[in-house]
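Each chain, letter by letter, is given below.
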Protein chains: 2
Amino acid sequence: MRAAILAVGTELLGTDRLDTNSLRLTESLERHGFDLVTKAVIGDGEAAIAGELERLLEMADVVLVSGGLGPTADDVTREAAAHALGRELVHDAEVLAELEAKFRAYGMDMPAVNRKQADVIAGAELIENRRGTAPGQRAEAPGGATLFLFPGVPVELEAMVETALEPWLAERSGGRGRQRGMLKIASLPESTVEERIAPAYGEFGREAISVLAKPGEVRIQFWASGGDDERRERLEAIARRLRELVGGAVFTDDPEADLAGVVGRLLAERGETVATAESCTGGWLGQRITSIAGSSAWYPGGVVCYSNPLKERLVGVPTELLAEHGAVSREVAHALAAGARERIGATYGLGITGVAGPGGGSEDKPVGTVHLALASPAAGAGEGSTSLDHSTALNHRSVRFPGDRDRVRWMSTQLALEMLRRHLLGIDAAPEAATGAEAGVA
Amino acid sequence: MRAAILAVGTELLGTDRLDTNSLRLTESLERHGFDLVTKAVIGDGEAAIAGELERLLEMADVVLVSGGLGPTADDVTREAAAHALGRELVHDAEVLAELEAKFRAYGMDMPAVNRKQADVIAGAELIENRRGTAPGQRAEAPGGATLFLFPGVPVELEAMVETALEPWLAERSGGRGRQRGMLKIASLPESTVEERIAPAYGEFGREAISVLAKPGEVRIQFWASGGDDERRERLEAIARRLRELVGGAVFTDDPEADLAGVVGRLLAERGETVATAESCTGGWLGQRITSIAGSSAWYPGGVVCYSNPLKERLVGVPTELLAEHGAVSREVAHALAAGARERIGATYGLGITGVAGPGGGSEDKPVGTVHLALASPAAGAGEGSTSLDHSTALNHRSVRFPGDRDRVRWMSTQLALEMLRRHLLGIDAAPEAATGAEAGVA
């Protein structure tokens, strides 16, 4: 079954607002196995709305419209829909009485402009509006498609989706819906993920799996249809196969989970902690960690040592080291990580130093160059780590990230967290970075 | 001139993502007097994209497309656009060489999948991609409309909008456009702003001015049309009047400016610096400050003292003070601010401690309770400040923010910066907080 969504409102064609109602509508459509083929936004012109509705009613089995049911002169969705369906608008005395009662309940007389909210498409079913004035409507088009009209106010639409849309969709899906699974990866570029999972396209179908990249994260999404059990089993099978193909790079199968939360759960399970020493990221790593509720159990804190003197004062990076190697160097990243671990007193220390740009780059250390280090107890040191003394082992990564200042900084926090995650799970110590672009990983 | 926007990508028809590129494109269209008549989202199917393009090219004078220029199998915008225009796709050896060079610059071989990014619509102009791989394209449709293809990655699109779209629009607008002005406020609730600016609605027209609230910030937007001079003069007149009405609460008239950058400029002008000691915000204030390029001139760094022992160890908050008043208290905020200023060695110190939630609240200190303090040289102390010793003066604010964990934390960083801004400008010392909601400020 094919669905289309239309949001009506000139304000949604401006620079400040996006149609977010479509996300709520999409959620219901997906759960019941309807396929959203397009969504569009159109201004408050009656002819334009009618034309768009005619087009969508030909393309889809169900068309969900939000907005334009208000009382003002520019609310013309009712008129446009009646026109597109070739029906009359009928003034409904019962609806009018209900509208007047709603206003009376608030001690007000109904303004005359609200009268038009009692206009109903001939033959349409009304949908009660528990949170506002204008009722929704459901009508059948001559070609067989179904049209729903909802108000644009999100809380009003939300209530109608639950009481009217969901039952209608459920009846038509016959218990067969479509469900999505997701695996998230922070340590491989999109093209590498694409190459590795290629066999799964053949096994499960090209349209069942898609790869999405954003800076520092690659998501593999996959879908299954059918009855509850069938769907679940298929999603599990796809996920299992994808994990075989990409390995330990997957950090979560929870679409909502942030890498910081995943790392936090691993630390909390072990009763371990991490401290941070940030230069170019300026506190962003700490911000991400502390955005996780309960992070105080595994994060005592950190330092933002943006200036060189502070690198010495707060975490004991030797002045000579800074002079000899420069602030952006493997040695200083090491000293930041080890210093954070020791001075703050945590199981692990993460140190980040880099050239975030736009200024500060050199031929030797161009913008985007970042050194990251993880200090850990020597006994638990992974492959390729350097033992500094009897108590501390160090892993190090040097990268060059593409993109602007905030992107370089964001990806640095992501890679730092991924280094720690891999260390905690005993996965190879040198993750690649998922840049979210095709190029750019040193 | 009529414009339409099409975002391509099956992921934009899901429940997680919205097409935000259209906002950036709309801004450019508005500035040059183009009228956006519709925008739509369509999945990654070649036939569907081609059909939609044909429709939009008939409706509008310019059609702006984002997405589907990547290297993967589902990136088919190039093919669809060629089809809609009745043109061939031509493999461009020069583009291919540039792509390969970009990968080489990062020490990688170009994956074979990226070859298709060198396919160009016959007769199209190429648009350089400075921040990624796929170039954009501009082509004319047989009916006279112009088609632009941009990548879906926002930073890549953004750069191309500046270098290619803006000049093209400017040339066609003949200097008559609609222009927007903006004033941003961090220290008044939306309803207060609305009340204060009410006279301006009468003077300039209700539709010329609008107020938009988001957490921690209220924006007043206003528009003027006409030729360059006419537009500029009218925008200046509106801005002048609005500033009269809302006073020193306006922190910038630059839509892109962040409060951290405004504070930074004030500090840099004075040759002064600020240090931070963050508890509940966990580094977010440092993150915001260091997101401003050049902030090292006025920000040496800070500490994230999430645990109580660290509050003592890193900035010398006395254990007795923590025991007596609790970590979330005026006294501890004072000690954090003063400690940051002294230990880190800056002109000013900002201290933040609060209950971000969802746990940790009490009857006495419910979730959302935040104490903020500003430590400054005693001679420069403002009204209502407390002199701690001969060298440090302290301002303090206690608030209760509404909303979830991240909102409480965000608004805390915003209010801390606003306290410093007001202090630097000698404006009254106790700003109200712009909550973006009507309630919630203690």
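None of these values were measured; they are calculated from a predicted model.

Asker: Outline the sheet that holds strand E11 (residues 217–226) of chain A, listing residues and values.
Answerer: Residues and elements named next belong to chain A. The strand order across the open sheet built from four strands is E10-E11-E9-E12, with neighbouring strands paired in antiparallel fashion. Both outer strands of the open sheet, strand E10 (209–214) and strand E12 (250–252), are each paired with one neighbouring strand and no more. Going across the sheet, the axis of each strand differs from the next one's by a mean of 35 degrees, ignoring polarity. In terms of strand pairing, strand E9 (residues 177–185) meets E11 through nine bridges, oriented antiparallel. In the sheet register, Arg180 faces E11, and the bridge partner there is Trp223. Running at roughly 165 degrees to E10, helix H6 (residues 190–204) makes contact with E9, E10 and E11 of the sheet.

Asker: Could you give me a rundown of the nonpolar core, with the residues and numbers involved?
Answerer: Formed by 152 residues in total, the largest nonpolar core has its most connected members in A:Ala337 and B:Ala337. The contact partners of A:Ala337, leaving out residues within four places of it in the chain, are A:Ala277, A:Gly349, A:Leu350, A:Gly351, A:Ala373, A:Leu374, A:Ala375 and A:Leu394. Listed in part, the 98 residues of the second largest apolar core include A:Phe148, B:Leu13, B:Ile49 and B:Ala81.

Asker: So what's going on with the interface of chain B and chain A? Residues and values would help.
Answerer: In this complex, chain B contributes 65 residues to the contact, which on the side of chain A involves 62 residues. Looking at the side of chain B that touches chain A, the elements with two or more residues in it are helix H1 (21–31), strand E2 (35–42), helix H4 (93–105), helix H9 (284–290), strand E14 (301–305) and helix H13 (405–425) of chain B. If one sorts the elements of the side of chain B that touches chain A by residue count, E2(B) sits on top with seven residues. When the residues that make up the side of chain B that touches chain A are grouped by side-chain class, the tally is 32 nonpolar, 23 polar and ten charged. Here five bridges tie strand E14 (residues 301–305) of chain A to E14(B), and the two strands are oriented antiparallel to one another. The partner of A:Cys305 across the bridge, within E14(B), is B:Gly301.

Asker: Just give me the short version of the environment of B:Asn308, but keep the residues and values in it.
Answerer: Residue and element names in this part refer to chain B. Take Asn308: it is sitting in helix H10 (residues 308–315). C-alpha separation for the pair Asn308 and Phe103, spaced 205 residues apart in sequence, amounts to 48 Å. Not counting the four nearest positions on each side in its chain, Asn308 is found in contact with Leu322 and Ala327.

Asker: Could you give an account of the packing of helix H8 (residues 259–270) of chain B against H13(B), with specific residues and numbers?
Answerer: Axis angle and axis distance: for two packed helices, these are the angle between their axes and the distance between the axes, and together they describe the pair. All names here are of chain B. Their axes nearest at 10 Å, the elements H8 and H13 cross at an angle of 30 degrees. Taken together, the axes of H8 and H13 lie roughly parallel to each other. The way H8 lies across H13 gives a crossing that is left-handed. On H13, the residues that touch Leu259, Ala260, Val262, Val263 and Leu266 of H8 are Gln414, Leu417, Glu418, Leu420, Arg421 and Leu424. Split by residue class, the contact of H8 with H13 holds eight nonpolar, one polar and two charged.

Asker: With reference to specific residues and values, describe the domain arrangement of chain A.
Answerer: Residues and elements named next belong to chain A. For chain A, the assigned domains are domain 1 (2–173), domain 2 (177–252) and domain 3 (259–425). Look at where the C-alpha atoms of domain 2 and domain 3 centre, and you get two points 30 Å apart. The partner domain 3 presents ten residues to the eight residues of domain 2 that form the contact. Grouping the constituent residues of the side of domain 2 that touches domain 3 by class yields three nonpolar, four polar and one charged.

The rules we used
Residues numbered from 1 in each chain as written. Chains lettered and ligands numbered in written order. Predicted model: local features only at pLDDT ≥ 70, side-chain atom pairs only at ≥ 80, totals over all residues. Pairing = 2+ DSSP bridges. Helix = DSSP H or I, 4+ residues; strand = E, 2+ residues; numbered from the N terminus. Axes fitted to C-alpha atoms, helices over the stretch in contact; angles between N-to-C directions. Contact = placed C-beta atoms within 7 Å. Core = buried A, V, L, I, M, F, W, Y, C linked by C-beta atoms within 7 Å. Buried ≥ 20, exposed ≤ 12 C-beta atoms within 10 Å, placed from the backbone. Nonpolar A, V, L, I, M, F, W, Y, C, P; charged D, E, K, R; others polar. Parallel < 35°, antiparallel > 145°, perpendicular 65-115°, else oblique. Left-handed = near helix turned anticlockwise from the far one by under 90°. Domains from an automatic or database assignment.

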